[in-house]
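# Structural features, examined
Residue strings, one per chain:
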Amino acid sequence: MKANIGLIGLAVMGQNLVLNMNDHGFKVAVYNRTTSKVDDFLHDAAKGTHVIGAHSLEELVDKLESPRKVMLMVKAGEVVDLYIDHLLPLLSPGDIIIDGGNSLYSDSNRRTAYLKEKGILFIGTGVSGGEEGARHGPSIMPGGNKDAWEAVKPIFQAISAKVDGAPCCEWVGDNGSGHYVKMVHNGIEYGDMQLICEAYQLLREGLGLSVDEIQGIFADWNKGVLDSYLVEITANILAYKDENDQPLIDSILDTAGQKGTGKWTGINALDMGIPLTLIAESVFARCLSAQKDDRVKAAQHLPKKASTFNGDKQKMVDAIHDALYASKIISYAQGFQLMREAASEYRWSLNYGEIALMWRGGCIIRSQFLGNIKQAFDANPELESLLLADYFAEAMSQADAGWRKAVIQAIELNVPTPAFSSALAYFDGYRTARLPANLLQAQRDYFGAHTYERIDRPRGEFFHTDWTGHGGKTASTTYTV
Ligand code: 6PG
């Protein structure tokens, strides 16, 4: 019997996806560039399964039922293109290539078009959930050539995580939309992680709580509206003791790494003109953390004025909770707004309720909260901003006072909370009917004749004033991003 699907790339995610597929009754053929890995896998983790090995791409392709489905779980970038080019002569029209790595969506746009020309169907899919997710149920976000979906759907939906019986895997849309949605997922992941870190720092450095106390707080928060995988693992991390029975967290160097998906989200938001402030701040916070030597030097040259918290600690813990929750709502509101803009720019028809459902289980940002987002989009699929949904508007109003208190306290205590505070600035800006951009427009017109619109004239009519009395009469062409 031929295999239902072939998988290339036996690193941990690849291996676990294969075992997951096998558990669900699919026959998988595997290949890895270092072919000894194929044998090791078959003799070790895949021993006793129906998985079959191949030592060349020809052999792999030969072992597959038609239409052939070949999934790449290899490093994003050039390697994907190399495999595509090696596979092309071996495949027949109607066969399917799936890229399950963290590829840049524009590469998936290009690959979908390139392969379509050759009669091959391409799927670029986000796969989230780390090792554990891949093995027992990831969130899967496929996009590309829809003609491939029916053949792949039974496999992907079977192996994906389920929430109330519904698979965390649905067709996202054309071209690179699956990888786009995964990119935004990762950006939101950066934001969630930064928010948790700010809460931790405020509790630790600001309120002077012990790691054990903070562990208890996160464990407690995980029982309420903040219930999520990342809060849960934070409590587990804080509980973890090293060989000297000390919290391991205290021995870990404070420089964050990043592989680029958060940065891509920020760059894309700038390109689209969408204020994705929280995710951008989170990327920059990682960059600042990486400047460890500079920070150590600056800490000596620019010492902080001693400031201690002497208020009611429990009330401040509650305020920090509210700051985390409200900022998280802002982050998701911004992320979904970015996807709306991308959908219109790239002509994708994205279903935001389904995206929320795909993220509800299996992936790194999975949380109870995504269930509320799904409900908001189910009630109004055209919702412009999550902040306008009744449930979230009410949540923001309830968290408002605590959020401000936490940010004020952080400022007074010299604890940096860039995501909490920039989220608050966004919130206040978003609900300000008249911002000082009137002055900004006047400045632009003053120094560069960039023109402005007037509140008493229809939109689209542009005016120029000779502010100094000795400027020219000609306006420069209006330039809007
Ligand atoms: C997932 C994750 C994963 C990502 C890591 C590391 O959804 O399973 O998003 O795809 O690669 O979280 O990302 P950084 O190295 O950029 O932090």
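Above this text is the structure in question.
Right, let's walk through the structure included here.

### Let's talk about the packing of helix H11 (residues 261-272) against helix H14 (residues 313-346)
As a packed pair, H11 and H14 sit with axes 11 Å apart at the nearest point and diverge in direction by 60 degrees. Pair H11 / H14 crosses with left-handed handedness. Only Leu338, Glu341, Ala342, Glu345 and Tyr346 of H14 make contact with H11, whose side of the interface consists of Thr265, Asn268, Ala269 and Met272. Along the lines of polarity and charge, the residues of the contact of H11 with H14 split into five nonpolar, two polar and two charged.

### Considering the site of the ligand
The environment of the ligand is formed by 13 residues, the closest being Asn102, Ser128, Lys182, Glu189 and Tyr190. Within the side chain of Asn102, one N or O atom sits 2.8 Å away from an oxygen atom of the ligand. Glu189 places a polar side-chain atom, nitrogen or oxygen, 2.6 Å from an oxygen atom of the ligand. Burial of the ligand by the protein amounts to 79% of the accessible area it has alone, namely 410 Å². Grouping the constituent residues of the shell around the ligand by class yields two nonpolar, seven polar and four charged.

### Focus on helix H16 (residues 369-379)
Among the residues making up H16, those that are buried are Phe369, Leu370, Gly371, Asn372, Ile373, Ala376 and Phe377. Residues of H16 that are buried make contact with H14, helix H15 (352-360) and helix H17 (390-412).

### A look at the side chain of Ser422
With respect to the helices and strands, Ser422 occurs in helix H18 (residues 418-430). For Ser422, a relative accessible area of 15% corresponds to the buried category. The contacts of Ser422, once residues within four sequence positions are left out, are Thr277 and Glu281.

### Here we look at the state of the cysteines
What the rule picks out here adds up to zero disulfides. Free of any disulfide, Cys169 has its nearest neighbouring cysteine sulfur in Cys168, separated by 8.8 Å. In this model Cys287 remains outside any disulfide bridge; the closest cysteine sulfur is found in Cys197, 14 Å from its own. On the accessibility criterion, Cys287 (34% relative accessible area) is partly exposed.

### Overview of the pairing of strand S1 (residues 5-8)
The side-chain alternation of S1 yields two buried faces, one formed by Ile5 and Leu7 and the other by Gly6 and Ile8. As judged from the four bridges shared by S1 and strand S2 (residues 28-31), these two strands associate in the parallel manner. Residue pairing in the sheet places Gly6 in a bridge with Ala29 of S2. The handedness of the S1 to S2 crossover, carried by helix H1 (residues 12-23), is right-handed. As paired elements, S1 and strand S4 (residues 69-72) share three bridges and run parallel to each other. From the neighbouring strand, Ile8 faces S4, where its bridge partner is Leu72.

Definitions and cut-offs
Residues numbered from 1 in each chain as written. Predicted model: local features only at pLDDT ≥ 70, side-chain atom pairs only at ≥ 80, totals over all residues. Heavy atoms only, no water. Axes fitted to C-alpha atoms, helices over the stretch in contact; angles between N-to-C directions. Helix = DSSP H or I, 4+ residues; strand = E, 2+ residues; numbered from the N terminus. Left-handed = near helix turned anticlockwise from the far one by under 90°. Contact = heavy atoms within 4.5 Å. Nonpolar A, V, L, I, M, F, W, Y, C, P; charged D, E, K, R; others polar. Near = heavy atom within 4 Å. Polar contact = N/O pair within 3.5 Å; in protein donor to acceptor, adjacent residues only side chain to side chain. Areas by Shrake-Rupley, 256 points an atom, 1.4 Å probe, with all protein chains shown as cover. Buried < 20%, exposed > 50% of the residue type's maximum accessible area, 1.4 Å probe, protein only. Disulfide = S-S within 2.5 Å. Pairing = 2+ DSSP bridges. Right-handed = clockwise from strand over helix to strand, strands pointing away.

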